[in-house]
Amino acid sequence: MTKITADHLGRSAFVYIRQSTADQLLNNPESRRRQYGLADRARQLGWTAVEVIDDDLGRSGGGVKRPGFERLLAAICEGRVGAVFAIEASRLARNGRDWHTLIEFCGLVGTVIVDEDGIYDPRHPNDRLLLGMKGTMSELELSLFRQRSQQALKQKARRGALFLSVAAGYVRVGGDRIEKDANQRVQEALSLVFAKFTEFQSVRQVHVWLRDEGIALPVACHRAAEGRSIVWRLPLYNTVHNILTNPVYAGAYAFGRTMSKVSVEDGRKRVKRGLRRPQSEWDVLLKDQHEGYITWSEFERNQRVIANNATGKGSAVTGAVRRGELLLAGLLRCGHCGRKMYVGYGGKAGRYYCHGALVNHGTARCISFGGLRADDAVGTEVLRVLKPLGIDAAVKALAAQTGETSAAQRQLDLALQEAHFAAAHARRQYDAVDPANRLVAGELERRWNEALQVVHRLEGEIAELKAKKPAPLGEKERQHLMRLGADLELAWSHPAATAATRKRILRAALHEIVVRIEGGFIQMVLHWQGGDHTALQLKINGAGKHRWTVPEDTLSLIRELARLMPDQQIARLLNRAGKPTGRGNGWTKARVCSFRSHHGIVVYRESEWAERGEITLEAAAQIMDVSIMTALRMVRRGIIIGHQLCRGAPWVIKAEDLAAYRERKPWRRPLTSDPSQQSLQFQ
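Residues numbered from 1 in each chain as written. Predicted model: local features only at pLDDT ≥ 70, side-chain atom pairs only at ≥ 80, totals over all residues. Heavy atoms only, no water.

J.: I'm lost on the environment of Glu614 in this one. Help?
T.: Secondary-structure assignment places Glu614 in strand β21 (residues 614-616). Along the primary structure Glu614 and Ala655 are separated by 41 residues, whereas in three dimensions their C-alpha atoms are 5.5 Å apart. Look past the residues within four positions of Glu614 in its chain and what remains in contact with it is Trp609, Val652, Ile653 and Lys654. There is a polar contact of 3.0 Å between the side chain of Glu614 and the side chain of Arg612. (Helix = DSSP H or I, 4+ residues; strand = E, 2+ residues; numbered from the N terminus. Contact = heavy atoms within 4.5 Å. Polar contact = N/O pair within 3.5 Å; in protein donor to acceptor, adjacent residues only side chain to side chain.)

J.: I keep staring at the sheet that holds strand β16 (residues 349-354) and nothing clicks. Help me out?
T.: Note: strands within a sheet are paired through backbone hydrogen bonds, in either parallel or antiparallel orientation. Read from one edge to the other, the open sheet built from 3 strands follows the order β15-β16-β17, with strand pairing classed as antiparallel. Where the open sheet ends on each side, the last strands, each with one partner, are β15 (342-346) and β17 (367-370). Between one strand axis and the next, the sheet turns by 25° as a mean value, whatever way the strands run. Bridging between β16 and β17 involves 4 bridges; their strand directions are antiparallel. Within the sheet, the bridge partner assigned to Cys354 lies in β17 and is Ile367. (Pairing = 2+ DSSP bridges. Axes fitted to C-alpha atoms, helices over the stretch in contact; angles between N-to-C directions.)

J.: What's the story with a nonpolar patch on the surface in this structure? I'm lost.
T.: Taken together, the side chains of Met137, Leu140, Leu144 and Phe145 present a nonpolar region at the surface, about 370 Å² in accessible area. Structurally, Met137 is set in helix α8 (residues 125-158). (Patch = residues over 30% accessible without salt bridge, like charges linked within 9 Å, V, L, I, M, F, W, Y side chains within 5 Å. Areas by Shrake-Rupley, 256 points an atom, 1.4 Å probe, with all protein chains shown as cover. Salt bridge = Lys/Arg side-chain N within 4 Å of Asp/Glu carboxyl O.)

J.: How do you make sense of the sheet that holds strand β3 (residues 81-85) when you look at a structure like this?
T.: The 5 strands are arranged β2-β1-β3-β4-β5 in an open sheet whose pairing can be described as mixed. The open sheet has two edge strands, β2 (50-53) and β5 (119-120), and neither has a second partner. Note: strand β1 (residues 12-16) against β2, 4 bridges, orientation parallel. Its bridge partner lying in β2, Ala13 is registered against Val50.

J.: Could you clarify how one ought to interpret the pattern of salt bridges in this entry?
T.: Opposite charge on two side chains makes pairing possible when the charged atoms of those side chains draw close. In total, this model carries 26 salt bridges according to the counting rule given. Measuring nitrogen to oxygen at the nearest pair gives 2.5 Å for the salt bridge that ties Glu512 to Arg333. Remark: Arg333 occurs in strand β14 (residues 332-334) and Glu512 occurs in strand β18 (residues 510-518); sequence separation between them is 179 residues. A salt bridge links Glu614 to Lys654; the nearest nitrogen and oxygen atoms lie 3.5 Å apart. Residue Glu614 is located in strand β21, and its partner Lys654 is located in strand β23 (residues 652-654); the two are separated by 40 residues in the primary sequence. Take Lys654: its relative accessible area is 32%, and that puts it in the partly exposed class. Linked by salt bridges that have partners in common, Arg563, Glu608, Arg612, Glu614 and Lys654 make up one network. (Buried < 20%, exposed > 50% of the residue type's maximum accessible area, 1.4 Å probe, protein only.)

J.: How should I be thinking about the side chain of His207 in this particular structure?
T.: Inspection of the secondary structure assignment puts His207 in helix α10 (residues 203-213). Given a relative accessible area of 13%, His207 falls into the buried group. Every residue in contact with His207, bar those within four places of it in the chain, is listed here: Pro235, Leu236, Tyr237 and Val240.

This is the structure in structure tokens:
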């Protein structure tokens, strides 16, 4: 009795084809041919309508999303499938859920399952039992294969001999070890990445610099026909990041740096691969396995810098150097709540603030203070500590400036050498072929022309770079640079020194700054990179006080001068006295007027002197009928009582004091009573 009935033949036969990986698709064509051959067997068994489902080629049967399998289940549920053909049960499913779902649906609609061993009807108990055992064995087989292969890989990795792929800059030797690529251009390009990261302290800045300079980086490319090769491309951010975070460049062998995470979404297993694991959870880490581009200590320092630059990790990290004039961003930590402090800018001025308690708990804000005085205090302390290193920095700057070629030009020179070799190789190939064989000679001539065009392009880029190269420093500039090195304060305040440069200097010296506000003072504890600590204390400005405030003595002086002279004369007097405005400008009549209005100082009136009973030195001299200099000497000797607010201000003499003096000292009488007697004035 056959299990295939007319009802089965009246429906379509579905041939399900699957291979688990892309490698099997590439290297195992015979298995695929066997599966496609099942369509002929279906026709031999009597089916005329045969449909092939091969949507799942290259997809695992372990439970990930398979559109072809889902299309097969949908067709079975619609009653259009008379038989499902597969060479073995593992082709249909390698997990119990999919396998038993398939059996259940086939049993409901009367669909048979056909493989190389026989024909099975899920409605028959014996066939259903056998199909269930086949599915279980297939799932067990997959688990055993996976376990054995993983254990074998881990055992080889523990010896440091497992290389699934080799990073750019290294080549495999002997199958179980690697060494540096002998290509000097590759070595110098990778070394340049690490050198620039030491300089910029930011992956993003290194990436931007490489793109701006047009420097290509080597990338390992794997092609089935050509195998592994090195191609040169302008770097992406991920390329630079992978170079800086790969321990292979520090001479270490690492295995198990990433992991896979399995989750269930929409009833299907989802596998997320490539999730990074912390270094403490790596399966294997063997240091000093091969020659590195940097030391392991440098690698660890780079990882700390990269981790601290991650601004999305809250108060646990410092954060990268960002735009803004304030220098302590990312270094400050609130001493009251322990949270990281942030920066807020209002115009040009900025403030440091901590409002973590407000955001997280709805309580009052923690602390806040202006940034300029704090920056100045911390900068002064850092300069004091780093002052002995200034000369060494100047010497290194001179050495870097006087180098023969820049990093960009060096990379172009190496690229030009490779281009010359490629052009010479193309020429030798062209010379070796028979010119009459135009089918080959034409292609080789085209390749030679392309190689020559690359040489011409690189020569033009090198010439352009040399034209832009600044002239070497003269003796005057060298001496100026050495003076800047000897005087770090001058270099720190130099117009060419940017805020980003100052921030990098501070971060190189400081690990963290803990800040508290107590008793009207800002208490700061500087944690240096070496582990030492320094305490600083700054007085908090009172209400209404800021960096543009005019000093109290100037305010008092203007208040007094406004009773003695008009605004124009006050402005002249303040400028002669060397007392600028709060912003460091000179005084004008309008500025004095505005300042008076702001502080509520009444404008000068001509009648004020008379109302107060005061006279000027000139008026006193006229009353006493003496010269102004004689009156001035009398005031300075105390003969006449007078006072002066400041040098250049008018002398103020009380009218009553002058009258009292005149009563004590009567005027000289003439030598004769003759009223016509005249006195002689000698010149």
